[in-house]
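Chain by chain, the residues run as shown.
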Amino acid sequence: MRDTFLIALCAFLGAATAGVLGAGVLRLVRRRSLAVHLAVVAAVAVTAMLAGTLVVARAMFLSEHDLKVVTLVVAMAAVVSLATALLLGRWVVARSRDLALAARSFGDGGAFTSPDGPATAELAALSRELEATSARLTASRERERALESSRRELVAWISHDLRTPLAGLRAMSEALEDGVAADPDRYLKQIRTEVERLNDMVGDLFELSRIHAGALALTPTRISLYDLVGDALAGADPLAREHGVRLVGDGVAAVPVEVDGKEMSRVLGNLLVNAIRRTPSDGTVAIAAERVPEGVLLSVTDGCGGIPEEDLPRVFDTGWRGTDARTPPAGAGLGLAIVRGIVEAHQGRASVRNIPGGCRFEVTLPTAEG
């Protein structure tokens, strides 16, 4: 037993010496290729075995012939090990180089495509992560391009909408100043109307900027949907009467929700105003609320005749107003963008779909707990 322990100790000391030297070499070549590291590791393994064998052989007083045989066997093992390590290193390096080239094209704005051929588990996992990142970046670029396009449209449409009322205000103010206004009271009333419309437009822009900046501070309170919808209908009734549109709000359940009453009133107000303006005279705008598995579903149905299918995905985009909406009463195309921003801030979802004779805007909100 004692002899076995001494042999093991001698072998360990010889191998440890080779291991320490190998660790030093690895530290010196730590910035070199992976192939060099694999070759060093293989050399250290063989050298450690050889050193341990030689120490034990000396301690056991082997014959010169036996020592040469052992040394030759270890040397052959070293050659095979080093060759295998170099081949493996070159293969891994080549695969890594292919992966780097693919990642470079991905970084230049293209899509990442994993190189063909087998790879180690780690390189394959890295390729999958790069593919997933590429897909996310592609989607992000598409969203950024769409957002930039909507911003350009918004600037163009707001410039158009501002130019008309400002020109009218200047003309009316000059007529009043020169004393040539045939009906000063009518001019003053019209000026007030235009100023209020411009004020509403500025308010919408401010609200939208808060939403995009993530600075929309909500104060949720427990409110009954019945009361919320009732207030929205009362606020929209004068506009509905002016346009000859009938408002219907019979199918509203008294379901409690945790929402910011002011902001959610703005959501319902924007949806009702949009529906009233798009519904022909003698038409009907209906609002309903019901429980659904996802929470609470608020819906506003109008008689606009429907939205082209290709335009449905853009309805809630900033500045979108449709192809026939360049008239001033249509606003700057901010109302529905504000609706989506406020609803999403409440952890809800806003959507739209066509129905026979019109379209249906839907807002899904989580129900109040307890």
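Residues numbered from 1 in each chain as written. Predicted model: local features only at pLDDT ≥ 70, side-chain atom pairs only at ≥ 80, totals over all residues. Heavy atoms only, no water.

1. Section: the overall build of the chain
Here comes step 1: A count of helical and extended segments in the chain gives eight helices and seven strands.
Here comes step 2: Pairs at least 24 apart in sequence give 70% of the contacts found in the chain among residues at least 6 apart.
Here comes step 3: Just so you have it, the chain exposes about 22,000 Å², and 59% of that area is on carbon and sulfur atoms. (Helix = DSSP H or I, 4+ residues; strand = E, 2+ residues; numbered from the N terminus. Contact = heavy atoms within 4.5 Å. Areas by Shrake-Rupley, 256 points an atom, 1.4 Å probe, with all protein chains shown as cover.)

2. Details of the confidence of the model for the chain
One rule of thumb: low pLDDT means the predicted coordinates there are not for detailed reading.
Here comes step 1: Chain-level statistics for the chain give a pLDDT mean of 77 and a share of 78% at 70 or above.
Here comes step 2: Ignoring residues within four places in sequence, the model shows residues 324-331, a span with pLDDT below 50, making 13 contacts including any to other chains. (pLDDT = per-residue confidence, 0-100.)

3. Topic: the sheet that holds strand S2 (residues 246-248)
Here comes step 1: The mixed open sheet is built from five strands, whose spatial order is S2-S4-S5-S7-S6. On the outer flanks of this sheet lie S2 and strand S6 (349-355), each paired with one strand and no other. Pairwise comparison of adjacent strand axes, ignoring direction, gives a mean angle of 15 degrees for this sheet.
Here comes step 2: Where strand S4 (residues 284-292) and strand S5 (residues 295-301) come together, seven bridges link them in antiparallel fashion. Following the sheet pairing, Arg291 is matched in S5 by Val296.
Here comes step 3: Against the sheet, helix H6 (residues 225-243) contacts S2, S4 and S5, and its axis sits at roughly 180 degrees relative to S2. (Pairing = 2+ DSSP bridges. Axes fitted to C-alpha atoms, helices over the stretch in contact; angles between N-to-C directions.)

4. A short note on the environment of Arg246
Here comes step 1: Relative to the elements of secondary structure, Arg246 occurs in strand S2.
Here comes step 2: Along the sequence, Arg246 and Thr284 sit 38 residues apart, while their C-alpha atoms lie 4.7 Å from each other.
Here comes step 3: Apart from residues no more than four positions distant in its own chain, Arg246 is found in contact with Gly283, Thr284 and Val285.

5. Brief notes about the packing of H6 against helix H7 (residues 261-278)
Here comes step 1: Contact geometry of H6 with H7 gives a least axis separation of 9 Å together with a crossing angle of 30 degrees. Comparing their axes, H7 and H6 come out roughly parallel. When you trace H6 past H7, the crossing you get is right-handed. Here Leu228, Val229, Ala232, Leu233, Ala236, Leu239, Ala240 and His243 of H6 lie close against H7, whose contacting residues are Gly261, Met264, Ser265, Leu268, Leu272, Val273, Ile276 and Arg277.
Here comes step 2: Considering only residue class, the contact of H6 with H7 consists of 12 nonpolar, three polar and one charged. (Parallel < 35°, antiparallel > 145°, perpendicular 65-115°, else oblique. Left-handed = near helix turned anticlockwise from the far one by under 90°. Nonpolar A, V, L, I, M, F, W, Y, C, P; charged D, E, K, R; others polar.)

6. Quick notes on the pattern of salt bridges
Here comes step 1: Per the counting criterion, the structure on display carries five salt bridges.
Here comes step 2: One salt bridge connects Arg353 with Glu362, and the closest N-O pair in it is separated by 3.1 Å.
Here comes step 3: Given the relative accessible area of 14%, Glu362 is considered buried.
Here comes step 4: Taken together, the salt bridges that share partners define one network made up of Arg353, Arg360 and Glu362. (Salt bridge = Lys/Arg side-chain N within 4 Å of Asp/Glu carboxyl O. Buried < 20%, exposed > 50% of the residue type's maximum accessible area, 1.4 Å probe, protein only.)

7. Some points on the state of the cysteines
Here comes step 1: Inspection of every chain in the model, using the stated rule, returns zero disulfides.
Here comes step 2: Here Cys359 stays free of any disulfide, with the sulfur of Cys304 as its closest cysteine sulfur at 3.4 Å.
Here comes step 3: Judged by its relative accessible area of 1%, Cys359 falls in the buried class. (Disulfide = S-S within 2.5 Å.)

8. Brief notes about H7
Here comes step 1: For H7, which comprises 18 residues, the first-to-last C-alpha distance of 26 Å matches the rise-based estimate of 26 Å (1.5 Å per residue) to within 8%.
Here comes step 2: For H7, the set of buried residues is Gly261, Glu263, Met264, Val267, Leu268, Asn270, Leu271, Leu272, Ala275 and Ile276.
Here comes step 3: For H7, the N-terminal capping position is held by Asp260, with its side-chain oxygen 3.1 Å away from the main-chain nitrogen of Lys262. (Expected span 1.5 Å × (residues − 1). Polar contact = N/O pair within 3.5 Å; in protein donor to acceptor, adjacent residues only side chain to side chain.)

9. Details of unusual backbone geometry
Negative phi is the rule for most residues except glycine; trans is the rule for most peptide bonds.
Here comes step 1: With phi around 70 degrees, Asp282 is a residue other than glycine that occupies positive phi space.
Here comes step 2: Along the polypeptide, Asp282 turns up in the loop between H7 and S4.
Here comes step 3: At Gln347, a residue that is not glycine, the phi angle is positive and equals roughly 65 degrees.
Here comes step 4: Assignment of secondary structure puts Gln347 in the loop between helix H8 (335-345) and S6.
Here comes step 5: Residue class for Gln347 comes out exposed when judged on its relative accessible area of 66%.

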